[in-house]
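# Fold and contact review
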Amino acid sequence: RLALQPMSPGGRHPQTPEELAAFKENLFSTPFAVNFVVSGDRSVLLAFFPTEATDKYAELMVEIDRILAGLEPYYTTHITGTIPFMDTTNTYLLRDLSTLLILAFVVMLVIFYLGFRSKRAVALPILVVGIGTVWCLGFMSLIGFNLTLMSVIIPPLVLALGSSYSIHILNQYYREAGEVEADTRWI
């Protein structure tokens, strides 16, 4: 049977060598703790820390890193879980967003130029897609949406869909422009 009980006297961290010895004794003598909370060779200890829900997990991770920095000379520590995963992923996505947007614009410029061989065919789609991306991010900011792990895909999605529609419109424009040269009302 499982029973919840504190491993250290008073349910707090050991504060004296005697309390530390009692903590170790409780931990290693509990059959359910071995290979679950502490490894069989007693070299690894698992600690689980529940947290309150918050929008500022980055601040929490900074605080955890500060605390663990003091343990580094003595122990090897590893952090896992949803909060560190989301924080790290969010950090990398937001850090790389501007680089990826610029790279996407450059690739689109090259593809539009190679596909249509016209300055107009490069400038107009980039202008349309750029304005759409700026409007999208501006509107998100205006109504209070932050860039999160899920919403960071919206700007690349606007770029992809906008460039796709621009290609279709430019194809139709150049197709019909070749058929009707004298009359400019066709546009």
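For the structure itself, consult the block above.
Residues numbered from 1 in each chain as written. Predicted model: local features only at pLDDT ≥ 70, side-chain atom pairs only at ≥ 80, totals over all residues. Heavy atoms only, no water.

## Some remarks on the packing of helix α3 (residues 82–116) against helix α4 (residues 119–142)
For the pair α3 and α4, the least separation of the axes is 8 Å and the interaxial angle reads 145°. In terms of crossing hand, the pair formed by α3 and α4 is right-handed. Counting all contacts with α3, which are made through F105, M108, L109, F112, Y113 and F116, the residues of α4 involved are A121, V122, P125, I126, V129 and G130. Its residues assigned to classes, the contact of α3 with α4 shows 11 nonpolar, 1 polar and no charged. (Axes fitted to C-alpha atoms, helices over the stretch in contact; angles between N-to-C directions. Helix = DSSP H or I, 4+ residues; strand = E, 2+ residues; numbered from the N terminus. Left-handed = near helix turned anticlockwise from the far one by under 90°. Contact = heavy atoms within 4.5 Å. Nonpolar A, V, L, I, M, F, W, Y, C, P; charged D, E, K, R; others polar.)

## Quick word on the environment of G70
You can see G70 is positioned in the loop between α2 (57–69) and α3. The exposure class assigned to G70 is partly exposed, which follows from its relative accessible area of 45%. A C-alpha to C-alpha distance of 18 Å links G70 and E59, two positions 11 residues apart in sequence. (Buried < 20%, exposed > 50% of the residue type's maximum accessible area, 1.4 Å probe, protein only.)

## Here's the deal with the side chain of S163
Topologically, S163 is positioned in helix α5 (residues 154–179). Classification of S163 as buried rests on a relative accessible area of 12%. Of the polar contacts made by the side chain of S163, one reaches the backbone oxygen of A160; its length is 3.0 Å. Leaving out residues up to four positions away in the same chain, S163 has contacts with M108, F112 and V129. (Polar contact = N/O pair within 3.5 Å; in protein donor to acceptor, adjacent residues only side chain to side chain.)

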